[in-house]
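The lines below spell out each chain.
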Amino acid sequence: MPTGAGPVPATHWASFEHDAASVPRARRVVRSVLDGAGLDADSTAEIEIVLSEIVGNSVRHARPLGDGGIHVQCLVTRDGGAHVEIAVTDGGAPGRAVRPRAVDEAATSGRGLCIVAGLADEWGVVENVDDLSRTVWASFGGPTRLHPH
């Protein structure tokens, strides 16, 4: 990620349908935010991979929000260097925890959160008991101050 002065920090929030076609759509939107903020290609690629995993898990394993979709947020700030946080909010999945799982090496799925944990500096889950929504977030470029650990 670039350091020092550069393009203006950016934030973007978008709503997407609760289906698999939203994975590439969300990736395109976030890529445009990251490109506009001046992130390098390698950092952008890693963030896109993590976003794809989180959005994919959301549409496969969770319910949609009350509006029928999912919400994606991308925040880029500069504080001595670039910091990026992405967050995906869905309708949650009662009784289903969000955590990496051990998978057999022959398995063709189930590694998404391990990929997230390997590429992001931090990631986590925020459960909103008021509206039963769930937000999975990941940060890049250092620890975040936006979410509890």
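My aim in this report is to walk through the structure given alongside it, one point at a time. In this text, all values refer to a predicted model and were calculated from it rather than measured experimentally.

## So, the overall build of the chain
Logical step 1: Helix and strand content of the chain: three helices and five strands.
Logical step 2: The N-to-C order of helical and strand elements in the chain reads β-α-α-β-β-α-β-β.
Logical step 3: Counting the 149 residues in the chain, one finds 41% classified as buried.
Logical step 4: A total of about 7,900 Å² of accessible surface is found on the chain, and carbon and sulfur atoms cover 54% of it.

## Brief notes about the pattern of salt bridges
Logical step 1: Tallied over the entire structure, the rule returns two salt bridges.
Logical step 2: A salt bridge links E48 to R31; its shortest N-O distance comes to 2.9 Å. Pair noted here: E48 is in helix α2 (residues 41–61) and R31 is in helix α1 (residues 22–36), with a separation of 17 residues, a long-range link.
Logical step 3: According to the relative accessible area criterion, E48 is buried, its value standing at 12%.
Logical step 4: For E127, the salt bridge identified is with R134, shortest N-O distance 2.7 Å.

## A closer look at the pairing of strand β2 (residues 69–78)
Logical step 1: Relative to strand β3 (residues 82–90), β2 is paired through eight bridges, and the arrangement is antiparallel. Looking at β3, one finds that V76 is bridged to V84.
Logical step 2: Here β2 hands over to β3 after three residues, with G80 in that stretch at a positive phi of 85°.

## A closer look at the nonpolar core
Logical step 1: In terms of nonpolar packing, the biggest core is built from 29 residues, with V84 and I86 touching the most fellow members.
Logical step 2: Breaking this core down by element, the ones donating at least two residues are β1 (10–17), α1, α2, β2, β3, α3 (112–119) and β5 (133–140).
Logical step 3: Considering every element that reaches this core, the biggest residue donor is α2, with six residues.
Logical step 4: Contacts of I86, omitting those with residues within four sequence positions, involve V30, I47, V50, L51, I54, Q73, C74, V136, W137, A138 and F140.

## Overview of the pairing of β3
Logical step 1: The buried fraction of β3 amounts to nine of the nine residues, a majority that puts the element mostly inside the structure.
Logical step 2: Going residue by residue along β3, you find A82, V84, I86, V88 and D90 tucked away on one face and H83, E85, A87 and T89 tucked away on the opposite face as well.
Logical step 3: With seven bridges joining them, β3 and β5 adopt antiparallel strand pairing. Bridged to T89 within β5 is T135.

Calculation rules
Residues numbered from 1 in each chain as written. Predicted model: local features only at pLDDT ≥ 70, side-chain atom pairs only at ≥ 80, totals over all residues. Heavy atoms only, no water. Helix = DSSP H or I, 4+ residues; strand = E, 2+ residues; numbered from the N terminus. Buried < 20%, exposed > 50% of the residue type's maximum accessible area, 1.4 Å probe, protein only. Areas by Shrake-Rupley, 256 points an atom, 1.4 Å probe, with all protein chains shown as cover. Salt bridge = Lys/Arg side-chain N within 4 Å of Asp/Glu carboxyl O. Pairing = 2+ DSSP bridges. Core = buried A, V, L, I, M, F, W, Y, C linked by side-chain atoms within 4.5 Å. Contact = heavy atoms within 4.5 Å.

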